There are 2 protein chains.
Amino acid sequence: MPVSAPTRAGIVITGTEVLSGIISDRNGPWLSERLRELGIELTQISVVGDRPGDMEAALRFFADQGVALIVTSGGLGPTADDLTAEVVGAFCGRPMVLDEALEGRIAEILRAITRRWPGLDIDALRRSNRKQAVIPEGATVLEPVGTAPGLVVGMRDPGTGGDAVTPVVVVLPGPPRELQPMWRAASETEAFRAAIVGATEYRQGILRLFGIPESEIAATLRALEQDGLALERLEITTCLRRGEIEIATRYEPDDAETYGAFADAIAERHSNTLFSRDATTIDDQVADLLAGHRVAVGESCTGGLVAARLTERAGSSAYFAGGVVAYSNAAKTEMLGVAPDMIERHGAVSPEVAEALADGAMQHFDADIGVGVTGIAGPGGGDDDKPVGRVCFSVASSDGARITRTVDLPGNRADVRDRSVTVTFHLLRRLLRAELDAPGLRSAADEVSATSE
Amino acid sequence: MPVSAPTRAGIVITGTEVLSGIISDRNGPWLSERLRELGIELTQISVVGDRPGDMEAALRFFADQGVALIVTSGGLGPTADDLTAEVVGAFCGRPMVLDEALEGRIAEILRAITRRWPGLDIDALRRSNRKQAVIPEGATVLEPVGTAPGLVVGMRDPGTGGDAVTPVVVVLPGPPRELQPMWRAASETEAFRAAIVGATEYRQGILRLFGIPESEIAATLRALEQDGLALERLEITTCLRRGEIEIATRYEPDDAETYGAFADAIAERHSNTLFSRDATTIDDQVADLLAGHRVAVGESCTGGLVAARLTERAGSSAYFAGGVVAYSNAAKTEMLGVAPDMIERHGAVSPEVAEALADGAMQHFDADIGVGVTGIAGPGGGDDDKPVGRVCFSVASSDGARITRTVDLPGNRADVRDRSVTVTFHLLRRLLRAELDAPGLRSAADEVSATSE
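Let us look at the structure shown here. Every value quoted in this text rests on a predicted model; they were computed, and no experiment measured them.

A closer look at the packing of aromatic side chains
Then, number 1: Taken as a whole and judged by the stated rule, the model has eleven aromatic pairs over all chains.
Then, number 2: With a centroid separation of 6.2 Å and an interplanar angle of 55 degrees, the aromatic rings of Tyr259(A) and Phe262(A) are classed as tilted. Taken together, the residues Tyr259(A) and Phe262(A), both in helix H10 (residues 256–269) and three residues apart, mark about one turn of the helix.
Then, number 3: Overall, the relative accessible area of 9% leaves Tyr259(A) in the buried class.
Then, number 4: Each member of the aromatic cluster is reached from another via a ring pair, and the members are Phe61(A), Phe62(A), Phe61(B) and Phe62(B).
Then, number 5: Here the basic side chain of Arg34(A) rests over the ring of Trp30(A), its NZ or CZ set 4.7 Å away from the ring centre.

Put into structure tokens, the structure is as follows:
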């Protein structure tokens, strides 16, 4: 564990729709990463509804913990349940005042919007947005990216004792598209810089493994500790994520050597399963490896998810040729030329059909890399012979290299579909690195059989 | 607002990997919905790391708020950073004891796993899992779904005053697949039932609209209040979610009539844009409407996401015929028969090509409903004439009905892709309901032009 006292912060995510599970929060994780980059230790993310009392209790909790910074998201909109500015104003002991210049700037933004949306009730819009120009006296305004301004607010009366920490509150809107640029503006304000003076810089290392159970990592950590590696200097977190294990380690710059020794030890003990020690994801690696290639997909149980993940990033059109979602047997035959008698003989979920899908996709889209996935996502369609979760994969290259695997994936329909995409990406990585015999699909699945051409 | 004092609860999500944004929490929202079903008011979701002090502070916060129930997720695994049982034990004033019978049952589970994974270090596994059988004295054990048992723990010394509320703590593992069934087991324990005695039953109504800005809903709410509707009896939350507006309303059974009047008023004022007043989602409705049909997809910028969302639910193979992800012009021509000179004349992103993709998909997959989507997801590929975010949609039926729309969607690449799928689903709904001329794509987009055959 780091020895110096860290600068701490808290995050308050507001919104009954987030608290009640109607929408999921994307701001907490994003802000958490930004705080880490600044060397600020996050104590807690508090998700509260639009009740002023609960919001105030969350702010008070962080103040009692002595954090230097509180970041809020949401509750800056035009509707009556958007109360954050008011609650923060009261919390900081500052009366609310109308900032007329700000009101003018918001009106300017609204004029642009109303031009694009004819028929809008402009008066209603103005009235509700005037509310957004009422801010705590003396707060620093962050210019709106949408229509809601953000705020940086310090305590009006920063306590009696000279050494008491009183938090600075950064108030940001809920939509990530607005919050993210406004966070950057906030972090450049004087009040913000003053609040985080003295924050310790931390580094973070990420190791990723595929095909190994979490308990083996735990055993490795114990063994390394017994070997005398100073793991207590590192804050190590392991987690299972989409079938991969991620080891995230936070450490102070002075402990870089200890971290290096730790990463080396993991690489040595788990060479078959460690696929990233530079924080790159499997998606990063596959995208890099596909440079100069053209990949085509024939997928069944994944229903388009393999193609969707391959096209997630900008520039993927350079290497993604196309895909067919061949759910029915007829589609497999018509669109990708899978022989009907092969489906008849081996079943639609078989290594043979996975290979035919990969080959068919490669040919029909004139690609040099083909991917075939066929399986039983469930909940129906399984039997004793081929249970729900059974998925057959094949990745092939026009130069004749191929990896074909059949695995039984755990979980419900969504899990099986999602996990199948991850397995596909790892098989693609191995094919493109010409590691055709590499073992290690275990953490993703019970491997049923392994065949390689 | 409801008048009686509600039974309140808090949720503590543990895990440095969640706090640091490495993985996103799915348990908070799920547990939130379960609490609501039981009529329990959730005050806050606290996300904390694996630091015992922060975990304890979160528990203490809820106890100070007087909640009847605290639910924790995560931190029950075999690694040293899994500390929840210990922290909760200390918080409840109960010493930790080894439950030998439980240890035996966990060993039994491990035996089954080790049979499937040859080469595993069984001793390491046993040692780390013995930890999972050490529990707070007197706690109720929830049988493991994975290998981690859950717990229901009351305070050893429930305070001096007879009326002081002391919380019962429900301790659940982090993986949703384990947490969800174990929550159900927890909710049937005696300690749990006793804690929530007297919870007020709440009802929740959900209205969903598509194609209307949030500010117009705010204006409607103000108008209804001026008309004398007792909206103060309802807890109304509006939020924008994937381009749709959701109005979630919580109310006591006595206020059912007020809610009915409110929902009627929304339906009357926003008949063109209200698509659900029974909480069904657009996915539910499209799945129902597709019964007896066969739908095929030709998609470009969405890269497989339309097909993936159409195949998300069990049973979709009954109506999903197949899809082609036709990223390149060659693929559009080869796989779906889009005429090269049409692409040349109008550009790949054009209403004409969207229609040809829909028609081609319908023909090639022998379907009676066709979907075509082509657009510029960005960040590159746009110009003054066709900016990033421009997407052309066409949905067509073999009986000749068709809706074709061109819209400019806001946001980054992921936003444009995701929003395009939502627009597609709403167009499909209208086609299948024969509402070919219905307006209202505005909230999703600036509509560039609207053409209908």
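Quick look at the interface of chain A and chain B
By a widespread convention, an interface's size corresponds to the accessible area lost as its parts come together.
Then, number 1: Of the residues lining the interface, 90 residues belong to chain A; the matching set on chain B comes to 90 residues.
Then, number 2: The junction of chain A with chain B conceals about 7,100 Å² of combined surface from both sides, 54% of it contributed by carbon and sulfur atoms.
Then, number 3: Measuring nitrogen to oxygen at the nearest pair gives 3.7 Å for the salt bridge that ties Glu235(B) to Arg51(A).
Then, number 4: Applying the counting criterion to the chain A and chain B interface returns 28 residue pairs in polar contact (both at pLDDT 80 or more).
Then, number 5: If you tally residues by element for the side of chain A that touches chain B, the top one is strand S2 (residues 41–48) of chain A, at eight residues.
Then, number 6: Along the lines of polarity and charge, the residues of the side of chain A that touches chain B split into 36 nonpolar, 26 polar and 28 charged.
Then, number 7: For S2(A) and strand S2 (residues 41–48) of chain B, the ladder comprises five bridges, and the chain directions are antiparallel. Pairing of Val48(A) across the sheet is with Gln44(B), part of S2(B).

Some remarks on the packing of helix H11 (residues 282–289) of chain B against helix H16 (residues 413–432) of chain B
Residues and elements named next belong to chain B.
Then, number 1: At a closest axis distance of 10 Å, the pairing of H11 and H16 adopts a crossing angle of 40 degrees. Taken together, the axes of H11 and H16 lie oblique to each other. Crossing geometry of H11 relative to H16 is assigned as left-handed. Along the contact surface, H11 presents Ile282, Asp283, Gln285, Val286 and Leu289, while H16 presents Phe425, His426, Leu428, Arg429 and Leu432.
Then, number 2: Taken together, the residues of the contact of H11 with H16 break down into six nonpolar, two polar and two charged.

Focus on the relation of the copies chain A and chain B
One copy of the chain maps onto the other through a rotation about an axis followed by a shift along the same axis.
Then, number 1: The operation relating chain A to chain B is a screw motion whose rotation component is 180 degrees, with 0.1 Å of axial translation and a residual RMSD of 0.1 Å. What we have between these two chains is a two-fold relation.
Then, number 2: Here 100% of the contact residues of chain A are again contact residues in chain B; the copies associate through an equivalent surface.

Cut-offs applied
- Residues numbered from 1 in each chain as written.
- Chains lettered and ligands numbered in written order.
- Predicted model: local features only at pLDDT ≥ 70, side-chain atom pairs only at ≥ 80, totals over all residues.
- Heavy atoms only, no water.
- Phe/Tyr/Trp six-rings, centres within 6.5 Å; stacked < 30°, edge-to-face > 60°.
- Helix = DSSP H or I, 4+ residues; strand = E, 2+ residues; numbered from the N terminus.
- Buried < 20%, exposed > 50% of the residue type's maximum accessible area, 1.4 Å probe, protein only.
- Lys NZ or Arg CZ within 6 Å of the ring centre and 35° of its normal.
- Contact = heavy atoms within 4.5 Å.
- Buried area = accessible area lost by both parts, 1.4 Å probe.
- Salt bridge = Lys/Arg side-chain N within 4 Å of Asp/Glu carboxyl O.
- Polar contact = N/O pair within 3.5 Å; in protein donor to acceptor, adjacent residues only side chain to side chain.
- Nonpolar A, V, L, I, M, F, W, Y, C, P; charged D, E, K, R; others polar.
- Pairing = 2+ DSSP bridges.
- Axes fitted to C-alpha atoms, helices over the stretch in contact; angles between N-to-C directions.
- Parallel < 35°, antiparallel > 145°, perpendicular 65-115°, else oblique.
- Left-handed = near helix turned anticlockwise from the far one by under 90°.
- Least-squares fit on C-alpha atoms with pLDDT ≥ 70 in both.

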